[in-house]
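If you want the building blocks of each chain, they are given just below.
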Amino acid sequence: MTDEEVLNLLADSKISENLAGEKEKYTLGQRAADAIAKFAGSWAFIFAFTGVLILWMLVNTLLAAKAFDPYPFILLNLVLPCVAAIQAPLIMMSQNRQEEKDRRRAENDYRVNLKTEIMIEDLYDKVNAILARQTALEKQLTEKGESAEQK
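The sections below set out a description of the structure shown in this document. Each chain has its residues counted from 1, following the order in which its sequence is written. Only residues with pLDDT of at least 70 are given local features in this predicted model, and only at 80 or more are side-chain atom pairs given and counted; all residues enter the totals for whole chains, interfaces and linings. Note that the side-chain values use all heavy atoms of the structure and ignore hydrogens as well as water.

1. Points about the pattern of salt bridges
Spelled out, the test is: Salt bridges are defined by distance alone: a side-chain nitrogen of Lys or Arg within 4 Å of a carboxyl oxygen of Asp or Glu. Secondary structure is summarised from DSSP: a helix means a run of H or I of at least four residues, a strand means a run of E of at least two, and numbering begins at the N terminus for each. Residue exposure (1.4 Å probe, protein chains only): buried if accessible area is under 20% of the type maximum, exposed if over 50%, otherwise partly exposed.
Scanning the model with the defined rule gives five salt bridges in all. When the shortest N-O distance is used, the salt bridge between E100 and R103 registers 2.4 Å. Pair noted here: E100 and R103 are both in helix α4 (residues 74–150), with a separation of three residues, about one helical turn. Judged by its relative accessible area of 37%, R103 is partly exposed. Counted as one network, the salt bridges with shared partners bring together E99, E100 and R103.

Printed below as a string of structure tokens:
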């Protein structure tokens, strides 16, 4: 294919994709992971979790001898790593899906930019050809005008 044919093919075809409008089908687990990651990365989670920790400690301190997790809160120390161990993979799954979406957007942007660059170069070449032809025509007209004056 010649450059002109490639340019015509690019110009006639649609390169860009609307990735924002895509409705992807996620499994229940993927939707849950996204919801948990969204909540776990919010101020609401931080305040709620802090409140639960303070409540846990207050209840167990006030109950003293009847506490279900007396000071030094060994059960709490076991629960916290379990929460983190469950939360971390869910957040990572959600981030991996977001990274894939970002990668597709970047590839789409690259294709659109490449098409635009090629089309601009083609237009630049055509404008230069037109200017060169215009200069040649002006030169011919000037020469004809000078030869007509000499006669």
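The rest of the description comes next.
2. Quick notes on the packing of helix α3 (residues 43–63) against α4
Worth spelling out the cut-off: To get an axis, a line is fitted to the C-alpha atoms, and for a helix only the part in contact is used. The angle between two axes follows their N-to-C directions and goes from 0 to 180 degrees. Roughly parallel refers to an angle under 35 degrees, roughly antiparallel to one over 145, roughly perpendicular to one between 65 and 115, and oblique to any angle outside these ranges. The hand of a helix crossing depends on one turn: near helix anticlockwise from the far one by less than a right angle means left-handed, and clockwise means right-handed. Residues are treated as being in contact if the distance between any of their heavy atoms lies within 4.5 Å. Basically, the charged four are Asp, Glu, Lys and Arg, the nonpolar ten are Ala, Val, Leu, Ile, Met, Phe, Trp, Tyr, Cys and Pro, and anything else, Gly included, counts as polar.
Put simply, α3 and α4 touch, their axes get as near as 11 Å, and they point 160 degrees apart. Between α3 and α4, the interaxial angle falls into the category roughly antiparallel. Between α3 and α4 lies a crossing of right-handed hand. Here α3 contributes F45, F49, L53, W56 and M57 to the contact with α4, which in turn contributes L75, L76, V79, L80, V83 and Q87. Classifying every residue of the contact of α3 with α4 gives 10 nonpolar, one polar and no charged.

3. Quick word on the environment of S94
Mapped onto the secondary structure, S94 falls in helix α4. Put simply, S94 and K126 are 32 residues apart on the chain and 48 Å apart in space, counted from C-alpha to C-alpha. With residues near it in sequence (within four places) discarded, S94 still touches A33, D34 and A37.

4. So, unusual backbone geometry
For residues that are not glycine, phi is negative in most cases, and the peptide bond is trans in most cases. Geometrically, the link from Y71 to P72 is a cis peptide bond, its omega value of 20 degrees lying close to zero. The topology assignment puts P72 in the loop between α3 and α4. The backbone of A64 sits at a positive phi, close to 50 degrees, despite the residue not being glycine. Inspection of the secondary structure puts A64 in the loop between α3 and α4.

5. What to know about the side chain of N60
Short version of the rule: Polar contact criterion, stated in full: a pair of N or O atoms within 3.5 Å, where within protein one must be able to donate a hydrogen and the other to accept it, and residues adjacent in sequence count only if both atoms are side-chain atoms.
Among the structural elements, N60 can be located in helix α3. Among the residues examined, N60 registers a relative accessible area of 2% and is labelled buried. At 2.8 Å, the side chain of N60 and the backbone nitrogen of D69 are in polar contact. Other than its neighbours up to four places away in sequence, N60 contacts A67, F68, D69, P70 and F73.

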